[in-house]
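Each chain, written out:
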Amino acid sequence: MIKETVVSGIRSTGKLHIGNYYGAVKNFVQMQHEYNCYFFIADLHSLTTHPTPQDLHGNIKQVLVEYLACGIDPETTTIYIQSDVPEVSELYLYLNMNAYLGELERATSFKDKVRANPDNVNAGLLTYPVLMAADILIHRATKVPVGKDQEQHLEMARTFGNRFNRLYSNEYFPEPYAFSYSNNLVKVPGLDGKGKMGKSEGEGNAVYLSDSPEVIRKKVSRAVTDSGPTAENQDKPEAIQNLFDLMKIVSSADTLAHFEEQYNKMAIRYGDFKKQLAEDMIVTTAPMRERINEIAADTAYLRQVAKHGALKARESAQKTIREVREIIGFKSF
Ligand code: ADP
Ligand code: TRP
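Remember, it's a predicted structure, so these values are computed and weren't measured experimentally.

Moving on: the site of ligand 2. As a structural note, the neighbourhood of ligand 2 is formed by 13 residues, with G9, Y128, M132, D135 and Q150 the closest of them. Contact distances for ligand 2 include 2.7 Å between a nitrogen atom and a side-chain N or O atom of D135. Surface burial for ligand 2 is 92%, taken as the share of its 360 Å² of free accessible area covered by protein chains. Where the shell around ligand 2 is concerned, the elements lending two or more residues are β1 (5-11), β2 (36-42) and α8 (128-137). The dominant element in the shell around ligand 2, judged by the number of residues it contributes, is α8, at four residues. Partitioning the shell around ligand 2 into residue classes produces seven nonpolar, four polar and two charged.

On to the nonpolar core. V25, Y67, L246 and M281 are the most contacted members of the largest nonpolar core, which has 60 residues in total. Shared between two domains, this core holds at least three residues of each, these being domain 1 (5-187 + 298-328) and domain 2 (199-293). Discounting residues that sit within four places of it in the chain, L246 has contacts with I18, V188, P189, G190, L191, M197, L277 and M281. Residues V88, L91, V146 and A313 belong to the second largest nonpolar core, which totals 39 residues.

Before going further, it helps to spend a moment on the pattern of salt bridges. Taken as a whole and judged by the stated rule, the model has 14 salt bridges. The partner of R314 in a salt bridge is E87, and the shortest N-O contact between them spans 2.8 Å. Placement of the pair is R314 in helix α14 (residues 299-328) and E87 in helix α4 (residues 86-96), with a sequence separation of 227 residues. Residue E323 pairs with K319 through a salt bridge whose shortest N-O separation is 3.1 Å.

As a matter of local geometry, ligand 1 sits amid 18 residues, with H17, G147, D149, V188 and K199 nearest to it. Between G147 and ligand 1, the recorded distance is 2.8 Å, taken from a backbone N or O atom to an oxygen atom. A distance of 2.9 Å is found between an oxygen atom of ligand 1 and a side-chain nitrogen or oxygen belonging to K196. Relative to its unbound accessible area of 530 Å², ligand 1 is 95% covered by the protein chains. Elements represented by at least two residues in the shell around ligand 1 include exactly β1 and α1 (18-31). With four residues, the single largest contributor to the shell around ligand 1 is α1. Each residue belonging to the shell around ligand 1 can be placed in one class, and the counts come to six nonpolar, seven polar and five charged.

Examined against the element boundaries, T77 turns out to sit in the loop between α3 (53-70) and β3 (78-81). Since its relative accessible area comes to 0%, T77 is described here as buried. At a separation of 3.0 Å, a polar atom in the side chain of T77 contacts the side chain of Q32. Apart from the residues lying within four places of it in its own chain, the contact partners of T77 are Q32, C37, F39, I72 and K312.

It is at 9 Å that the axes of α8 and helix α9 (residues 151-167) come closest, and there the two elements cross at 70°. With respect to their mutual orientation, α8 and α9 come out roughly perpendicular. Counted together, Y128, P129, V130, M132, A133, I136 and L137 of α8 and H153, L154, M156, A157, F160 and G161 of α9 form the full contact between these two elements. Taken together, the residues of the contact of α8 with α9 break down into eleven nonpolar, two polar and no charged.

Basis of the calculations
- Residues numbered from 1 in each chain as written.
- Chains lettered and ligands numbered in written order.
- Predicted model: local features only at pLDDT ≥ 70, side-chain atom pairs only at ≥ 80, totals over all residues.
- Heavy atoms only, no water.
- Near = heavy atom within 4 Å.
- Polar contact = N/O pair within 3.5 Å; in protein donor to acceptor, adjacent residues only side chain to side chain.
- Areas by Shrake-Rupley, 256 points an atom, 1.4 Å probe, with all protein chains shown as cover.
- Helix = DSSP H or I, 4+ residues; strand = E, 2+ residues; numbered from the N terminus.
- Nonpolar A, V, L, I, M, F, W, Y, C, P; charged D, E, K, R; others polar.
- Core = buried A, V, L, I, M, F, W, Y, C linked by side-chain atoms within 4.5 Å.
- Buried < 20%, exposed > 50% of the residue type's maximum accessible area, 1.4 Å probe, protein only.
- Domains from an automatic or database assignment.
- Contact = heavy atoms within 4.5 Å.
- Salt bridge = Lys/Arg side-chain N within 4 Å of Asp/Glu carboxyl O.
- Axes fitted to C-alpha atoms, helices over the stretch in contact; angles between N-to-C directions.
- Parallel < 35°, antiparallel > 145°, perpendicular 65-115°, else oblique.

Structure below.
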């Protein structure tokens with residue numbers, strides 16, 4: 001039986017947080033035994049925010065180490081660094097010819113970036129979803145494990161693939177869809193009381209896989225709360241709901257039910273609630289945390305993983321590029 005192909009990546013902008021883990025990497029680990037998987041480090045995408053040469057390599061290494069620490073097995077899965085596969089950039093160029101300014105400007109991620117960094121609205125940022133589509137279509141993947149925030153990018157990848165197919169009257173690219181083992185795509189909230197956990201959301205919002213237990217306890221103890229419920233069984237304000245959502249992810253059903261009941265009876269003590277949440281976060285991240293330093297120290301192993309991954313990824317990418325060039329009409333003399 002032919003296995004379905006899966007592709008996903010994470011930008012190399014630093015350490016992974018538990019949002020990245022529960023939204024994306026946990027699915028990578030589960031999918032690797034069932035599917036034909038390609039997981040990469042999106043270092044080209046990270047150039048949109050202009051890392052310095054001093055930061056670039058360290059950030060790529062960090063993500064590679066954490067992929068391995070989370071349990072992605074380079075024997076069963078192709079793990080590679082995006083810039084090691086130049087075919088991706090070539091496909092990006094072809095897809096750019098059929099990506100329109102209007103649709104790119106409407107992408108929420110682009111509008112957010114423009115708002116956050118009005119001084120760096122570069123063309124790479126605008127065409128970020130085209131490069132992402134190239135990442136996926138280069139292996140003709142159908143399933144893409146990502147968090148909820150990436151859903152619109154997947155829709156754009158389908159648009160670009162379908163447009164290519166229509167233009168050349170060829171059913172070459174299959175449609176890729178966002179995937180999560182939990183039925184809905186995951187959105188892990190942050191600790192600041194407002195929306196999702198993210199690297200760029202400010203200090204203290206994200207809990208990283210590499211954070212020590214002391215750091216996790218401190219961050220969780222500072223999470224935003226309020227002065228407590230004022231009526232029985234009331235709806236929770238966003239900041240409180242976020243902490244309950246986090247507990248739902250890292251704690252047992254019994255623990256969650258206990259604190260839900262306390263909240264509904266107006267008997268909750270946020271200090272105890274946060275202590276429990278922090279301890280459960282520490283326990284769920286422990287296996288990863290313990291392996292990060294050990295793997296990071298093994299340069300020879302990392303080199304071998306990256307080299308082996310690049311070879312396997314290029315084999316698949318070169319086949320696609322050969323076929324795409326033929327479909328477009330390039331011929332050798
Ligand atoms: P960040 O927002 O911290 O910069 P990225 O945008 O690099 O993280 O996301 C990498 C992957 O992790 C994507 O698949 C994304 O959907 C997922 N992800 C990031 N933050 C969250 C979150 N808070 N909840 C669920 N998934 C997330
Ligand atoms: N845009 C994704 C993010 O911010 C990273 C990414 C780049 C990606 N290319 C991809 C994810 C291809 C899945 C498939 O996290």
